[in-house]
Amino acid sequence: MNLSAQINRRTEDYQQSDAAHHIHGFVDQKALNAEGPRVMVRGEGLYLWDSEGKRYLDGMSGLWCTQLGYGRRDLTAAAAAQMDQLAYYNMFFHTTHPAVIELSELLFSLLPGHYSHVIYTNSGSEANEVLIRTVRRYWQVVGQPQKKIMIGRWNGYHGSTLAASALGGMKFMHEMGGMIPDVAHIDEPYWFAHGGELTPAEFGRRCALQLEEKILELGAENVAGFIAEPFQGAGGMIFPPESYWPEIQRICRQYDVLLCADEVIGGFGRTGEWFAHQHFGFEPDTLSIAKGLTSGYLPMGGLVLSKRIAEALVEQGGMFAHGLTYSGHPVAAAVALANLKALRDEGIVRQVKDDTGPYLQQLLHEVFGNHPMVGEIQGTGLLGALQFVEDKATRKRFANENDLAWQCRTFGFEEGVIIRSTLGRMIMAPALVATRAELDELVDKTRIAVDRTARIAGKL
Ligand code: PXG
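Residues numbered from 1 in each chain as written. Predicted model: local features only at pLDDT ≥ 70, side-chain atom pairs only at ≥ 80, totals over all residues. Heavy atoms only, no water.

*Asks:* Help me out: how do you make sense of the overall build of the chain in this one?
*Replies:* Check the secondary structure of the chain and you find 18 helices and 15 strands. At 22 Å, the chain has a C-alpha radius of gyration in line with the 23 Å of a compact globule built from 460 residues. Principal-axis analysis of the C-alpha atoms gives the chain an extent of 60 × 60 × 45 Å. A separation of at least 24 residues holds for 71% of the contacts in the chain among residues at least 6 apart in sequence. For the chain, the exposed surface amounts to about 19500 Å²; the carbon and sulfur share of it is 52%. (Helix = DSSP H or I, 4+ residues; strand = E, 2+ residues; numbered from the N terminus. Rg over C-alpha atoms; globule rule 2.2 N^0.38 Å. Contact = heavy atoms within 4.5 Å. Areas by Shrake-Rupley, 256 points an atom, 1.4 Å probe, with all protein chains shown as cover.)

Now the structure itself:
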């Protein structure tokens, strides 16, 4: 490994070469090229170093994925050993391999008992692509082939490929590349922004009832599934009111619509439960997984199926014309296995539930509960969101909230902490191995960034 040689190149060299060759995600490329991206060169635990030698506490686990933090030698050793043993094979044409089998044994030991099968992918987007085909195939197999429509939510995020972005509700994504047929959307349960005079409980119920209305409008006989993140991640870390999920569950059962939970962000301990639907107390038929499955060390995702779906596909479905070259990739599987073992055997998920999670929530409420800039604090486990507000009494948001949040994020970088901004919300989701001291540092540096932003906004 020639890390030092890489770091010895000048930052500007990297930036020029980067600008010459890359189209980055979700950014104005020309503006980025003018500014130059930060070049990250090393990670250890919760910390990252850039090419200038500046250190950051990564409050976002990369992109919500490094549950174990950076630099875990057990994961790199698992990858190396598997590469030596069997670097690649596939699950096509009547073959399988030990790495993927051992991973699935462990995965299903962690999941509630009504799940039995998984189709592995390389990413969360692919998991949701596979979801659409699998759900539609299921309804064909059980004799209701007209059940094809998927319902998603506005401002939901399910990935960046064509069908995954169609399931998601980011209109600006639909406008760049188009939609697919047989997808519909209902509103998001974002009480702070859209709740008006309703209590959160009333609003949550109202949002859930939109699903019933949409199913009746489209005809239950045509609706295959409803997909949602248990809490919205990329859309702003939005937690639905408590009344929301029980009502959604009732509606899906009543109309025989599959309930598809996108656990790409919420899965693998983030909320203090292994999966976010357990935190919110509902029972999905499918789970889309990725990110924390490997702690982001290698790309891997999957679609987990309930016994009801899997049995139909296996017993009655015959051949399912689907498969990916890298489905169940042995090296990714070996890393995922090592990752899940560490999360379980080191008691990390339990620690998030019993200790570090409640500690972070308490800190956020102590530090930001009366902050003039913050109108709402949401979170659980190692998740925290701060909603910027201009007028707390009326929940009036700043007209320039997006700019303010971006500015806050930039202040964070200057202070040595990485937090994420979406519209008027600041988001944190540190690695699950974070200690209390690291959470102190995260919240302290975030407070400095928020205070600096509040001064710009005339709130301090
Ligand atoms: N579902 C959910 C809920 C996600 O958050 C995907 C699917 C797609 O996964 P892949 O592996 O195809 O990226 C995601 C991805 C952000 C951010 O800034 C979030 C994601 C990706 C990039 C940025 O919050 N989530």
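*Asks:* How do you make sense of the nonpolar core when you look at a structure like this?
*Replies:* For soluble globular proteins, nonpolar side chains are generally found buried alongside one another. Formed by 103 residues in total, the largest nonpolar core has its most connected members in Leu107, Phe226 and Leu340. If you tally residues by element for this core, the top one is helix α15 (residues 330-345), at 10 residues. Each of two domains, domain 1 (38-71 + 347-456) and domain 2 (74-345), supplies a minimum of three residues to this core. (Core = buried A, V, L, I, M, F, W, Y, C linked by side-chain atoms within 4.5 Å. Buried < 20%, exposed > 50% of the residue type's maximum accessible area, 1.4 Å probe, protein only. Domains from an automatic or database assignment.)

*Asks:* Looking at this structure, I do not really get the domain arrangement of the chain. What am I missing?
*Replies:* Much of the literature gives interface size as the accessible area that the parts lose upon coming together. Segmenting the chain into domains produces domain 1 (38-71 + 347-456) and domain 2 (74-345). Using C-alpha coordinates to define each centre, domain 1 is positioned 26 Å away from domain 2. Taken together, the 37 residues of domain 1 in the interface contact 35 residues of domain 2. Ranking the residues of domain 1 by area buried against domain 2 places Trp64, Val349 and Arg395 at the top, with a combined share of 25%. Applying the counting criterion to the domain 1 and domain 2 interface returns 1 salt bridge. Applying the counting criterion to the domain 1 and domain 2 interface returns 22 residue pairs in polar contact (both at pLDDT 80 or more). Only α4 (61-64), α16 (348-368), β11 (374-378), β12 (384-388), β14 (420-422) and β15 (425-428) provide two or more residues apiece to the side of domain 1 that touches domain 2. (Buried area = accessible area lost by both parts, 1.4 Å probe. Salt bridge = Lys/Arg side-chain N within 4 Å of Asp/Glu carboxyl O. Polar contact = N/O pair within 3.5 Å; in protein donor to acceptor, adjacent residues only side chain to side chain.)

*Asks:* Looking at this structure, I do not really get the environment of Val27. What am I missing?
*Replies:* Relative to the helices and strands, Val27 resides in the loop between α2 (11-21) and α3 (29-35). Judged by its relative accessible area of 41%, Val27 is partly exposed. Between the C-alpha atoms of Val27 and Asn155, which are 128 residues apart in sequence, the distance is 18 Å.

*Asks:* Any chance you could explain the sheet that holds strand β7 (residues 223-228) here in plain terms?
*Replies:* The pairing of strands in a sheet happens through backbone hydrogen bonds and is either parallel or antiparallel. Reading across the sheet, the 7 strands line up as β4-β10-β9-β8-β7-β5-β6 and stay open at both edges, with mixed pairing between neighbours. Edge positions in the open sheet fall to β4 (115-121) and β6 (183-186), since each of these has one partner strand only. Pairs of neighbouring strands in the sheet enclose a mean axial angle of 20 degrees, with direction left out of account. The strands touched by helix α11 (residues 200-218) within the sheet are β5 (149-153), β6 and β7, with β6 carrying the most contacts at an inclination of about 150 degrees. Strand contacts of helix α14 (residues 307-316): β4, β8 (258-262), β9 (286-289) and β10 (301-306), with the helix running at about 90 degrees to β10, the strand carrying the most contacts. (Pairing = 2+ DSSP bridges. Axes fitted to C-alpha atoms, helices over the stretch in contact; angles between N-to-C directions.)

*Asks:* Where do I start with helix α7 (residues 124-141) in this structure?
*Replies:* Each full turn of the α-helix corresponds to 3.6 residues, which orients residues three or four apart in the same direction. The terminal C-alpha atoms of α7 lie 25 Å apart, and with 18 residues this matches the ideal 26 Å at 1.5 Å per residue to within 8%. Most of α7 sits out of view: 13 of its 18 residues are buried. A side-chain oxygen of the first residue of α7 lies 3.1 Å from the backbone nitrogen of Glu126; this N-cap is Ser123. A positive phi of about 85 degrees marks Gly143, the residue just after α7. (Expected span 1.5 Å × (residues − 1).)

*Asks:* Please explain the sheet that holds strand β3 (residues 55-58) as it appears in this structure.
*Replies:* Taken in spatial order, the 4 strands of this open sheet run β1-β2-β3-β13, and their pairing is mixed. Unpaired on one side and paired on the other, β1 (40-44) and β13 (417-418) mark the two borders of the sheet. One ladder, built from 2 bridges, connects β3 with β13; its direction is parallel. Of the residues in β13, the one forming a bridge with Asp58 is Ile418. Its contacts with the sheet put helix α18 (residues 436-456) on β2 (47-50), β3 and β13, and the angle it makes with β3 is roughly 105 degrees.

*Asks:* What is the right way to look at the packing of aromatic side chains in this model?
*Replies:* Here a ring pair, both rings aromatic, is described through the centre-centre distance and the interplanar angle of the planes. Summed over the entire model, instances satisfying the criterion amount to 12 aromatic pairs. Between Tyr56 and Phe413, the aromatic rings sit 5.4 Å apart at their centres with planes inclined by 70 degrees, giving edge-to-face as the arrangement. Within this pair, whereas Tyr56 is found in strand β3, its partner Phe413 is found in helix α17 (residues 401-415), the two being separated by 357 residues in sequence. Exposure class is identical for Tyr56 and Phe413. Each is buried. Pairing Trp191 with Phe192 gives two aromatic rings, centres 6.5 Å apart and planes at 80 degrees, and the pair type is edge-to-face. Relative accessible area serves as the criterion here: at 4%, Phe192 is assigned to the buried category. Among the aromatic side chains, those forming a connected cluster through ring pairs are Tyr88, Tyr89 and Tyr326. Its guanidinium or amino end placed over the ring of Trp191, Arg395 lies 3.8 Å from that ring's centre, counting from NZ or CZ. (Phe/Tyr/Trp six-rings, centres within 6.5 Å; stacked < 30°, edge-to-face > 60°. Lys NZ or Arg CZ within 6 Å of the ring centre and 35° of its normal.)

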